[in-house]
Amino acid sequence: MFVFSDALLEWFDVHGRHDLPWQVADDPYKVWVSEIMLQQTQVKTVLQYFDRFIARFPTVQDLGSATWDEVAPYWAGLGYYARARNLYKAAGIVAKQGHFPDTLEEWIALPGIGRSTAGALMSLGLRKYGVIMDGNVKRVLSRFFAIEDDLSKPIHERAMWQLAEELCPIERNHDYTQAIMDLGATVCTPKKPLCLYCPMQQHCQAHQQGLENELPFKKAKKPVPVKSAQVLILQCGDQWLWQQRPNTGLWGGLWCLPIIEEVHELDVLKQSLGLKQFIQKVEISHSFTHFTWQLEGLVFAIDADLQEHLAIELNGIWLEPTAAVQAGIPTAMKKLISATQL
């Protein structure tokens, strides 16, 4: 008799990933950091950030007692910065409590932790019973059972959770959790799944029906809107003027060059700040999940006697580009630095 969890665990023992740096039996903090980093981000990308982050903030107490300005540079470039702000906020709560949450409900009560992440932390972090429902799990189960429903609808998502709970074993729960993620990430991939190497192939209903490339159900993608904005690149010698973004919203808490989203604002700002004609213009494009930003960078040469005035007016600081990178800036700002220095 075919048992889903048994087949998956047999495959995992031979082909699963056993050497990821966060696979530590007695360190829920490392699992927590990895789970937040892995939201919307592939393992190969997270591996470039994880060790550096942990080396700087080795315990939840270290992270919880740090300032946001100390944390931001270690996340810069990883994207989805709300994740980092929530992780930082939650670490402060746990550090004050002096212990990690012990139940699913306690994990979910922390900022930035939903039902699936909490399940992963119970299973992988604490080695207790936990069920997950990330993109890998949805893909594996929707193909195995040939589920053609729109999983973004609550009624179908609830049914998927029920299925996941029925299949999830108590024994070797943490291995099963890692195994189903590994299968989705390495074999049952979003495009061109490697069905030939899949332990579920003979029993996979999508494979039997030739639907593996059609599932899970995907809504027709809407065209991604294109927005444009201008960026002030105010240069005085080797230093540029940088502003810290508000904590909420796009690039929250990171250092950025001043951005002007309304075209008419540029003339008003130039006049109020005493800016002359720009000396260079550069253009870059940067894509987010929900829109593409076309940014036009305008380079102005600033006299030294205007430095303090501009810093006050724009609530900014003067930093060399290399120092700004170390302080934590978005990838789009790095693109503007490179384009300006060509």
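All residue numbers refer to position in the chain's written sequence, counted from 1. Only residues with pLDDT of 70 or above have their local features reported here, since the model is predicted, and side-chain atom pairs are shown and tallied only from 80 upward, although totals for entire chains, interfaces and linings are computed over all residues. Water and hydrogen atoms were dropped before computing side-chain values, which therefore reflect all heavy atoms in the structure.

### Considerations on the layout of surface pockets
Right, so step 1: The method works on a 1 Å grid over the protein atoms by themselves. A cavity is a set of points holding a 1.4 Å probe that cannot get out, a pocket is an open set with protein on both sides within 12 Å along at least five of seven lines, and residues with an atom within 4 Å of a point line them. Grid points are joined across faces, edges and corners, and a volume is the space filled by probe spheres set on the points. Taken as a whole, the largest pocket spans an internal volume of roughly 1,800 Å³.
Right, so step 2: A helix here means a DSSP run of H or I that spans at least four residues, while a strand means a run of E at least two residues long, and both kinds are numbered starting from the N terminus. For the lining of the largest pocket, the elements supplying multiple residues, two or more each, are α2 (28-37), α3 (43-56), α8 (115-125), α9 (135-144) and α11 (173-186).
Right, so step 3: The element best represented in the lining of the largest pocket is α11, accounting for seven residues.
Right, so step 4: Three residue categories are used. Nonpolar comprises Ala, Val, Leu, Ile, Met, Phe, Trp, Tyr, Cys and Pro, charged comprises Asp, Glu, Lys and Arg, and polar comprises the others, including Gly. In terms of residue class, the lining of the largest pocket is built from 18 nonpolar, 16 polar and 13 charged.
Right, so step 5: In this structure, the second largest pocket occupies an estimated 370 Å³ of space.
Right, so step 6: Residue lining of the second largest pocket: 16 residues in total, with Gly79, Tyr80, Tyr81, Trp251 and Phe288 positioned closest to the centre.
Right, so step 7: Sorting the residues of the lining of the second largest pocket by element identifies α6 (81-97) and β5 (280-287) as the ones contributing at least two each.
Right, so step 8: The dominant element in the lining of the second largest pocket, judged by the number of residues it contributes, is α6, at three residues.
Right, so step 9: Per-class residue counts for the lining of the second largest pocket are seven nonpolar, eight polar and one charged.
Right, so step 10: Domain boundaries shown here were taken from an automatic or database domain assignment. Two domains each donate at least three residues to the lining of the second largest pocket, and these are domain 1 (4-209) and domain 2 (226-340).

### Notes on the UniProt feature "domain: HhH-GPD" (unreviewed entry) in the chain
Right, so step 1: UniProt positions are given in the numbering used here, feature names are shortened, and annotations may be inferred rather than shown by experiment. The sites that carry the UniProt feature "domain: HhH-GPD" (unreviewed entry) are, in the present numbering, residues 37-186.
Right, so step 2: Here residues 37-186 is 64% helix and 0% strand, with 18 Å between the C-alpha atoms at its ends.

### Notes on the packing of α2 against α6
Right, so step 1: Every axis in this analysis is a line fitted to C-alpha atoms, fitted for helices over the stretch in contact. Angles between the N-to-C directions lie between 0 and 180 degrees. Orientation of α2 relative to α6, taken along the N-to-C sense of each, is 160°, at an axis distance of 10 Å. When the axis of α2 is compared with that of α6, the two are roughly antiparallel. By crossing handedness, the relation of α2 to α6 is classed as right-handed. For the pair formed by α2 and α6, the contact residues are Trp32, Val33, Ile36 and Met37 on the first element and Arg83, Leu87, Ala90, Ala91 and Val94 on the second.
Right, so step 2: Looking at the contact of α2 with α6 residue by residue, the classes come out as eight nonpolar, no polar and one charged. Oblique is the label for any angle not under 35 degrees, not over 145, and not in the 65 to 115 range, which are roughly parallel, roughly antiparallel and roughly perpendicular in turn. Crossing handedness: left-handed means the near helix sits turned counterclockwise from the far one by under a right angle, and right-handed means the same turn made clockwise. Whether two residues touch is decided by their heavy atoms; if any such pair falls within 4.5 Å, the residues are in contact.

### Focus on unusual backbone geometry
Right, so step 1: Put simply, Leu215 and Pro216 share a cis peptide bond, and its omega is 0°.
Right, so step 2: Along the chain, the position of Pro216 falls in the loop between α12 (205-208) and β1 (226-236).
Right, so step 3: The phi dihedral of Arg172 is positive, around 55°, even though this residue is not glycine.

### A few points about the pairing of strand β6 (residues 292-301)
Right, so step 1: Here the term buried applies to any residue with accessible area under 20% of the maximum for its type, exposed to any over 50%, and partly exposed to those in between, with areas from a 1.4 Å probe on protein chains only. Of all the 10 residues making up β6, eight are buried; the element is thus mostly covered by neighbouring parts of the structure.
Right, so step 2: The rule for pairing is simple: two strands pair if DSSP sees at least two bridges between them. In this structure, β1 lies alongside β6, joined through 10 bridges in parallel fashion. Within β6, the residue paired with Val231 across the bridge is Gly297.
Right, so step 3: Pairing analysis gives eight bridges linking β5 to β6, with the strands arranged antiparallel. In the strand pairing of β6, His286 is matched with Trp293.
Right, so step 4: Linking β5 back to β6 in an antiparallel pair, the connection comprises four residues.

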